[in-house]
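Residues per chain, in single letters:
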Amino acid sequence: MKNRVSPFLQLQRMLQTQKQHDILLMMAEPLSDEYRDDFCLACVAYIRFGIRRIFPNELMQALFASYCEVLDN
């Protein structure tokens, strides 16, 4: 039987640098569980498939775009 792995943990396992980990923790901490899961799943899709999600919430879109820049550098 497989255990469920949270979107946050999935994303953490994919990150390559300490900077990416540190910024993720700072960005995700103040988010509610629902927003954190959406954000992390969007980042996983970006890393795996290059998909840039469009969030209806402007703040979430800005956070996502900013974190994509961190992932690209």
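All figures in this text were calculated on a predicted structure; none of them were measured in a lab.

Enquirer: What is the right way to read the packing of aromatic side chains from this model?
Expert: Aromatic rings considered in pairs are described by the distance between their centres and by the relative angle of their planes. Here the structure, examined in full by the defined rule, presents 3 aromatic pairs. Arranged with centres 5.8 Å apart and planes meeting at 55°, the rings of F39 and Y67 form a pair that is tilted. A residue pair is termed long-range when its members are at least 10 positions apart, and F39 in helix α3 (residues 33-49) and Y67 in helix α4 (residues 58-72) qualify at 28 residues. According to the relative accessible area criterion, F39 is buried, its value standing at 1%. With a relative accessible area of 0%, Y67 lands in the buried category. Measuring from centroid to centroid gives 6.3 Å for Y46 and F64, while their planes differ by 85°, and the two rings are edge-to-face. On the criterion of sequence distance, the pair formed by Y46 in helix α3 and F64 in helix α4 is long-range, its members being 18 residues apart. For the residue pair Y46 and F64, the accessibility class agrees, reading buried in each case. An aromatic cluster of three or more residues is present, and its members are Y46, F55 and F64. Residue placement shows R53 over the ring face of F55; its charged tip is 4.2 Å from the ring centre.

Enquirer: Looking at this structure, I do not really get the packing of α3 against α4. What am I missing?
Expert: In a packed pair of helices, the relevant descriptors are the angle between the two axes and the axis-to-axis distance. Running from amino to carboxyl end, α3 crosses α4 at an angle of 40°, the nearest separation of the two axes being 11 Å. Accordingly, the angle class assigned to the pair α3 and α4 is oblique. Read as a crossing pair, α3 and α4 show a hand that is right-handed. Of the residues in α4, those in contact with Y35, F39, A42, C43, Y46 and I47 of α3 are M60, L63, F64, Y67, C68, L71 and D72. A breakdown of the residues in the contact of α3 with α4 according to their chemical character gives 12 nonpolar, no polar and 1 charged.

Enquirer: Where do I start with the side chain of Q20 in this structure?
Expert: Mapped onto the elements, Q20 comes out in helix α2 (residues 18-28). Classification of Q20 as buried rests on a relative accessible area of 5%. Among the polar contacts made by the side chain of Q20, one reaches the main-chain amide nitrogen of Q16 at a distance of 2.7 Å. Not counting residues up to four positions away in its chain, the partners in contact with Q20 are L15, Y67, V70, L71 and N73.

Scoring rules and cut-offs
Residues numbered from 1 in each chain as written. Predicted model: local features only at pLDDT ≥ 70, side-chain atom pairs only at ≥ 80, totals over all residues. Heavy atoms only, no water. Phe/Tyr/Trp six-rings, centres within 6.5 Å; stacked < 30°, edge-to-face > 60°. Helix = DSSP H or I, 4+ residues; strand = E, 2+ residues; numbered from the N terminus. Buried < 20%, exposed > 50% of the residue type's maximum accessible area, 1.4 Å probe, protein only. Lys NZ or Arg CZ within 6 Å of the ring centre and 35° of its normal. Axes fitted to C-alpha atoms, helices over the stretch in contact; angles between N-to-C directions. Parallel < 35°, antiparallel > 145°, perpendicular 65-115°, else oblique. Left-handed = near helix turned anticlockwise from the far one by under 90°. Contact = heavy atoms within 4.5 Å. Nonpolar A, V, L, I, M, F, W, Y, C, P; charged D, E, K, R; others polar. Polar contact = N/O pair within 3.5 Å; in protein donor to acceptor, adjacent residues only side chain to side chain.

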